[in-house]
Amino acid sequence: MVEKKEFQNNEEIAWCPGCGNFSIHATLQGALADLDLEPHQVVISSGIGQAAKMPHYLKINGFNGLHGRALPVGTALAAVRKDLKVIVESGDGDIYGEGGNHFLHAFRRNPDLALFVHNNQVYGLTKGQASPTSELGMKTGVQVKGVSNLPLNPLLVALAGGASFVARSFAGDRKHLQEMMKEAIQHKGFAFLDILQPCVTFNKINTFKWYKDRVYYLEEDHEKGNWEQAVRRAQEWGDRIPLGIFFRQERNVFAGDFPELSREEVFDPRERIYCWPEVLENFK
Amino acid sequence: MVEKKEFQNNEEIAWCPGCGNFSIHATLQGALADLDLEPHQVVISSGIGQAAKMPHYLKINGFNGLHGRALPVGTALAAVRKDLKVIVESGDGDIYGEGGNHFLHAFRRNPDLALFVHNNQVYGLTKGQASPTSELGMKTGVQVKGVSNLPLNPLLVALAGGASFVARSFAGDRKHLQEMMKEAIQHKGFAFLDILQPCVTFNKINTFKWYKDRVYYLEEDHEKGNWEQAVRRAQEWGDRIPLGIFFRQERNVFAGDFPELSREEVFDPRERIYCWPEVLENFK
Amino acid sequence: MMFNIRVGGEAGQGMNTIGTLLAKSLLRLGYHVFTSKDYMSRIRGGHNYSDVRFSPEPQQSGTEKVDILLALNEETWEIHRNTLGDEGIVVFDQDDFSPEGQGPKKKGISLKKKAEEIGDRRIGGVIALGLIHKMLGLDLKQFKKVLEEKFSGEILEKNLQGLDWGYAEGEPIFSVSEGKGLKGTKLISGNDAIGLGALVGGVQFYSAYPMTPSTGVLNFLASQGERFNILVEQAEDEIAAINMALGASFGGVRAMTGTSGGGFSLMVEGVGLAGITETPLVILNAQRPGPATGLPTRTEQGDLGFVIHAAQGEFPRIVLAPRGVSEAFYQTIRALNLADRYQLPVIILSDQFLGDSEQTVMEFDPEKVKIDRGKLIKTHEEETPYLRYKFTEDGISPRLIPGEKGEVVLADSDEHNQAGNIIEDSETRSKMVEKRMKRMETIKEEMEPPLYEGPDPQNADFILVSWGANYGPVEEGRKALEEDGFKLGHYSFQDIWPLPGGNWEKTLQTKPWILIENNYSGQLGSLLKQNGTGSPEVFIRKYDGRPFTGDEIKRRIKEEVGPRG
Amino acid sequence: MMFNIRVGGEAGQGMNTIGTLLAKSLLRLGYHVFTSKDYMSRIRGGHNYSDVRFSPEPQQSGTEKVDILLALNEETWEIHRNTLGDEGIVVFDQDDFSPEGQGPKKKGISLKKKAEEIGDRRIGGVIALGLIHKMLGLDLKQFKKVLEEKFSGEILEKNLQGLDWGYAEGEPIFSVSEGKGLKGTKLISGNDAIGLGALVGGVQFYSAYPMTPSTGVLNFLASQGERFNILVEQAEDEIAAINMALGASFGGVRAMTGTSGGGFSLMVEGVGLAGITETPLVILNAQRPGPATGLPTRTEQGDLGFVIHAAQGEFPRIVLAPRGVSEAFYQTIRALNLADRYQLPVIILSDQFLGDSEQTVMEFDPEKVKIDRGKLIKTHEEETPYLRYKFTEDGISPRLIPGEKGEVVLADSDEHNQAGNIIEDSETRSKMVEKRMKRMETIKEEMEPPLYEGPDPQNADFILVSWGANYGPVEEGRKALEEDGFKLGHYSFQDIWPLPGGNWEKTLQTKPWILIENNYSGQLGSLLKQNGTGSPEVFIRKYDGRPFTGDEIKRRIKEEVGPRG
Ligand SMILES: Cc1ncc(C[n+]2csc(CCOP(=O)(O)OP(=O)(O)O)c2C)c(N)n1
Ligand SMILES: Cc1ncc(C[n+]2csc(CCOP(=O)(O)OP(=O)(O)O)c2C)c(N)n1
Ligand code: SF4
Ligand code: SF4
Ligand SMILES: [Mg+2]
Ligand SMILES: [Mg+2]
């Protein structure tokens, strides 16, 4: 049995006291331990932002890359390293804003990875500008008259784009979150989990209490294979915000037929070239 | 009355004989003339690809920019030049592939422009690679084993993303196409029109006949204001492909409160600075 | 007389506000003030500090030496204790910790406790500032005005109460020269100065994606947008930002975008688009240390070679690196004019040091500013049919804005003919390349040579060479060395590309020179070498993400060339 | 003896296929062949042509002179008539048009009509090739084999029938020297050579977004992917392409991406990411004329300064510009080794001229190729805990692949400590910069100096300087001038960054030199100037999107320096 504490490292955590990221951080460790995954068997690809600092605060493999580009990195990792569990973890600005195009195409490609978006409905690290999910009317230093762009409903877009696993959880509900993380990690294919995460410093609208007062669980009998139903439920936002797995479907994964490489093939990839003369035949 | 021929210029058209782009080209002129728009009142922002060559083949204002970036250019034009009708015109690769992030965020911003996507389900200009809308299994020089990424349903994504006008037409049905173009241009806000366009050279699957055999019109009584119904109809693809306006809704447009600039304000923008000392008050 | 007050603590403790309040009081007392900020890429915790330096004389550099250290936590004391000279004093919250050990003087005071007693936890800083005013023998009157403008009612009352209490707790221990009371002087940061320049320069469209340290400009313009009809839009990414700005500019309005190096990377293709479409555009790159994410909140001059060469193919561009806050204002306006006159991208190369530092500057005069929109033509009658890329003597084509009755305008990112239509033939291609590049010659002539300060170069022992905002620290260092008997000249480059000609070329070929850059590889140095200067005698560089200070320059030059005089 | 056959017509008429068939026949007849392509950015119509040049001697340049012009339409005749010398002949479809006017010889033949008669509209080209074989007095045997390998059954029959018929229609009018029948020689394009290099070099992941003229490499690798377990993925954009490749490389496999200038612009931020994360990556930039979209299907050497400086901040990188097809193969493998050994981005700077030209090369020998994965370590035991960015003597840290039991690996785009965790302190930052940059010194030492050809530099009148695929035309021009009595040396650079040291530095400081670049501003020249060469005596440049040819080089040097000998 793997224990949570195996994921602990000694880095000072640079999040604000009270930030929703802390509970995501703790929960992730629990989920991994529960799944009996050891630190070396998991890799986190992240972007830039508060959420994206995650790999620094765990003993885990990590690639903390560019703002918005965590998905392509994770996609390739999932394809060439079938022995690793790939988690892509970043903020709403990172994944839905700067990285929006990769989000859109990940649905189609269906790489075998879990995407955890810390959705605090704001740009945290850069001090509180609107993110694609910020509420209409929210005032910031840039959106001085209040946000006027329609907030993105990431679940709806994911469903429309063909994502094979679409779920939502809340940083304030660790039990549910841990369950969702485990389901996402175990899903074969692209598993998208939007995590409502209070930002105590910059988001004074969608506070812990705001979320707490609204979230509820999708019913036991919600049909996870029913796309239309998922779309209907994903539209709920405002007074009542459903948590849970909206949709799940098995589908071919990206590079599913690409073989698991042996250590030897990695170290001397030339071994594979067994029919060179045949290739050259084309050139005479 | 404006006449079609006012949009004609003498450029040699570099499309393949039989290409669906020709009818789009002719129809666009008809639509503009019908709307009594003169060449100088319209501006086309395009990207790179076969479709994107459009502004060269018309007497019209045009900004033929970068691959994938026609929407941001058009968005700004629509905001600062309220006296012009802005059309963004490009290919499926351009708008849904390279430019996917701008597509996603245009729904939210709702700029007052019409987006015409020549959707030939292939990369034409670069010689036949799969585009985001290519059918599963379609073989190309790059997708040698056939396309394995789930094709994007652009209408569904637009609906999910909050687009305020979502429609589809077919290059082979000029009457319908002209009607749709006119509706899109007249829509106040972001009007997205996906145009099925046969590529006679590289797309041997979705041929003129293939489309012709499948397309049909949304019923007269299709409720354009009903989002759920639009989503249901947008899922239809395969044997039966509906054409028409799936969804339409009036919403605040991007920069709606930004004033129409006078010629003078453009030429000497400093005129606007009437309370400079007040601004400097902050710095003492 | 120069005096430096450092306020340190963890992010969230309000160092910036305290620093700004103090600076405003000093400004109104007639001092020249220079503030700088050192902060981490996090929102709470860690260690940040602000310096407020003042003097009756103008200045534009930080310093290594601290006179008063306001330590809002113990860590601040630990980190900065060595910056306090023997005359320096640390001010601390006596209920929180007490600074151990020998060295500087110490003054404990109740901050949090007293603030809570007064009934507002946030006024601890103001209490400390009251004390500091007393220590410096400064009148509270100006400070009170500052508070009155900022607060009102009960909050104001409490602030004033705290201020007075803190003042009463202190003793006058420093004697500082009196401020000169310069009329109209303002305290402005580099970022705000760029924003003000954009405002006065007539920017009507600003699109950007948040990125430290450029976000200040976005914030400033957003705050003024409604009042001045500036459309300020946060784009979904930097690619959208630059393409939106180009769309707006094509539409006829003055447009600008701003970012830092990482965002600039994403804009590169758009820079080339501005180049080939000949669309005027001003792009701010506020540098921070790279590569990639690097050190988000710190400073470096690491992008010079990058911005000069950014984008495939060849096209003319202009790069300006303002020397200081005042220049940031005027150069932004100049950039907008140059972009319009030559119809090309102009890059303002700033950095975190310049952007976040505040400096007292004489009031900007918008009346002195000329808007020059170049060959923008009002009607098509001048050319029928209108040719967007008409071949002309100077390579600049008359520019019509789309929308003119009877005429159309076509811009193209492919190679094109005069009308803007795609071409592929060899002859038109060559002529178009020549048309575009030709402008470089004219531009080169109007680029301003580096500013020279110091004795006649012939009599100088060494010539210092700097660029951009390094000007302030280097010049302060040079002056200090002059007092020690050194004979040093100083060329500071502001117009970087195309590199202006001038006496500097001959001087650097004949005199030993010292290159000073806030980077590792000496990027200006490489440019100068291309102009035949050879290598510098000494290269003083810094790549730890911190700006140079005047005393550091002095020290390091001494180390390198030995004592003089 | 050199002979040049040009096949011209509109896009869609199959010039490429005709050219390739002819080239294969010539190859098998023992000739050295060089083909080049001139095509428009469109799918049908317009005007395209292919050149097939052959000789018993090796060659790697096109030529301005045409010996046989196969004009598939009248436009081809109009455009190319002046390239035919007096000895030249135009071959045309006599049912289509007849070439007017004085000048070259003319040979009409029925192509379309005869093809239809035989029953396959597509064989017109083969009929013409039969005729051409006869004119050149060449045996049809090899050509028939080529056809037999390509076609079968009825189609083959018809092709052979057409071939024989065309052959019978001709007269032997040229006498060409016999081919030398080199064994194992292959005809390979630059793009395929890069693809083959990637294959043999062990690339296991290739992600790209289609962009002319780099798409050939993507196509080649895609065609081999299944057989050799190479994962080839068309990304949604170039940003995804480079970040995917970095993810794969971090995962431990050899990864590569390829694009042209516009796509490279979008990859810039990723290049810096490779730099700071020290992730090995090979990036192909196949240049085409810019700026922006420019001339998509044409050639230029316009991105040299760009790729050297691309991305914010400072980090080491390597830039290699293969001289020709054979080098494209070996340099790609070397690039992969260098990327692994130094853990950094290596850029292969190719262009449309190199990528699309085919050249006869001696068979590549995969057995001679060494795979060197550098400090990739197999177990963590060597370091516990594992430090991804461990400070070492040479700046290169042992590289562990994630997945090793008991150990984890952390890569970071922020500035970091040895473990890969974010830091902000001045000391670690400086040490990390030094660690990264230190590698440049070692790399510089193993960069290969430019190839020198010609007489002892001391005896040369001028030294020619070229880079990349310009090598072929320049060297051909130099040799031709030698025959005219010129004494010319030639330095051709392939390793561009870091710029290798060598005798060239002194030579160019003391001898007059001629810079030859396929761009406007002389980008290599600027680099050389930084190394103290001063300016070239003569700058021969070309920026019309077309490659140089050997005879053009000869002509232009003569024009510039006057006749000799
Ligand atoms: C290319 C680029 N653009 C901009 C930035 C600046 N930046 C860093 S994080 C961030 C937004 C973070 O928001 P989000 O992803 O929601 O993360 P959070 O901090 O809220 O967790 C931005 C704009 C950057 N690092 N790189
Ligand atoms: C940054 C960049 N990447 C790639 C290209 C090459 N390119 C030009 S057009 C095109 C695809 C065109 O496909 P689509 O938009 O569907 O247009 P179509 O030709 O099918 O009308 C590509 C990949 C480019 N010009 N710029
Ligand atoms: S700014 Fe918001 S998201 Fe960032 S650490 Fe603080 S509370 Fe968390
Ligand atoms: S390639 Fe296809 S899309 Fe392009 S012009 Fe030809 S038929 Fe039309
Ligand atoms: Mg966020
Ligand atoms: Mg297409």
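Look up a bit, the structure's there.
Source: prediction; values computed, not measured.

What counts, and at which threshold
- Residues numbered from 1 in each chain as written.
- Chains lettered and ligands numbered in written order.
- Predicted model: local features only at pLDDT ≥ 70, side-chain atom pairs only at ≥ 80, totals over all residues.
- Heavy atoms only, no water.
- Helix = DSSP H or I, 4+ residues; strand = E, 2+ residues; numbered from the N terminus.
- Rg over C-alpha atoms; globule rule 2.2 N^0.38 Å.
- Buried < 20%, exposed > 50% of the residue type's maximum accessible area, 1.4 Å probe, protein only.
- Contact = heavy atoms within 4.5 Å.
- Areas by Shrake-Rupley, 256 points an atom, 1.4 Å probe, with all protein chains shown as cover.
- Pairing = 2+ DSSP bridges.
- Axes fitted to C-alpha atoms, helices over the stretch in contact; angles between N-to-C directions.
- Phe/Tyr/Trp six-rings, centres within 6.5 Å; stacked < 30°, edge-to-face > 60°.
- Lys NZ or Arg CZ within 6 Å of the ring centre and 35° of its normal.
- Buried area = accessible area lost by both parts, 1.4 Å probe.
- Salt bridge = Lys/Arg side-chain N within 4 Å of Asp/Glu carboxyl O.
- Polar contact = N/O pair within 3.5 Å; in protein donor to acceptor, adjacent residues only side chain to side chain.
- Nonpolar A, V, L, I, M, F, W, Y, C, P; charged D, E, K, R; others polar.

Draft legend 1. Molecular detail of the overall build of chain A. When helices and strands are counted, chain A shows 10 helices and 8 strands. In terms of C-alpha radius of gyration, chain A reaches 20 Å, essentially the compact-globule figure of 19 Å for 284 residues. With the principal axes as the frame, chain A shows a C-alpha extent of 70 × 45 × 40 Å. Here chain A holds 284 residues, and the buried ones make up 69% of them. Excluding contacts between residues fewer than 6 apart, the proportion of contacts in chain A whose partners are at least 24 apart in sequence is 71%. As displayed, chain A has an accessible area near 9,400 Å², and 48% of this comes from carbon and sulfur atoms.

Draft legend 2. Spatial organisation of the sheet that holds strand E3 (residues 45-55) of chain D. Residues and elements named next belong to chain D. What the 8 strands build is an open sheet, ordered E6-E5-E4-E1-E3-E2-E14-E7; its pairing is mixed. Two strands in the sheet have a free side with no partner beyond their single neighbour: strand E6 (105-109) and strand E7 (186-189). The mean inter-strand angle of the sheet, taken between neighbouring strand axes irrespective of direction, is 20°. The pairing of strand E1 (residues 3-11) with strand E4 (residues 66-71) spans 4 bridges and is classified as parallel. Within the sheet, the bridge partner assigned to Val7 lies in E4 and is Leu70.

Draft legend 3. Local environment of the packing of aromatic side chains. Here the structure, examined in full by the defined rule, presents 52 aromatic pairs over all chains. Aromatic pair Tyr31(D) and Phe54(D): ring centres 4.9 Å apart, planes at 70°, arrangement edge-to-face. On the criterion of sequence distance, the pair formed by Tyr31(D) in the loop between helix H1 (15-28) and strand E2 (32-38) and Phe54(D) in strand E3 is long-range, its members being 23 residues apart. There is no split in this pair, since Tyr31(D) and Phe54(D) are both buried. Clustering of aromatic rings is evident, with ring pairs tying together Tyr96(A), Phe103(A), Phe107(A), Phe190(A) and Phe192(A). In this structure, Arg541(C) is placed above the aromatic ring of Tyr520(C), and the distance from its NZ or CZ to the ring centre is 4.3 Å.

Draft legend 4. A look at the environment of Leu218(B). Residue and element names in this part refer to chain B. Turning to its location among the elements, Leu218 is positioned in the loop between strand E7 (215-217) and helix H8 (227-234). Take Leu218: its relative accessible area is 11%, and that puts it in the buried class. Taking the C-alpha atoms as reference points, Leu218 and Gly244, 26 residues apart in sequence, are found 5.6 Å from one another. If sequence neighbours within four positions are ignored, Leu218 has contacts with Arg233, Pro242, Leu243, Gly244, Ile245 and Phe246.

Draft legend 5. Expanded view of the interface of chain A and chain D. Across the boundary between the two partners, chain A contributes 55 residues, which contact 72 residues of chain D. Taken over both partners, the interface formed by chain A and chain D buries close to 5,600 Å², and the fraction arising from carbon and sulfur atoms is 61%. Between chain A and chain D we count 6 salt bridges in total. Measuring nitrogen to oxygen at the nearest pair gives 3.7 Å for the salt bridge that ties Lys284(A) to Glu149(D). At the boundary of chain A and chain D, one finds 25 residue pairs in polar contact (both at pLDDT 80 or more). When contributions to the side of chain A that touches chain D are tallied by element, the ones reaching two or more residues are strand E2 (61-64), helix H2 (70-80), helix H4 (100-109), helix H9 (263-267) and helix H10 (276-280) of chain A. For the side of chain A that touches chain D, the element with the highest residue contribution is H2(A), accounting for 7 residues. A per-class count over the side of chain A that touches chain D returns 29 nonpolar, 11 polar and 15 charged. Here 3 bridges tie E2(A) to strand E17 (residues 410-412) of chain D, and the two strands are oriented parallel to one another. Looking at the pairing, Asn64(A) lines up with Asp412(D) of E17(D).

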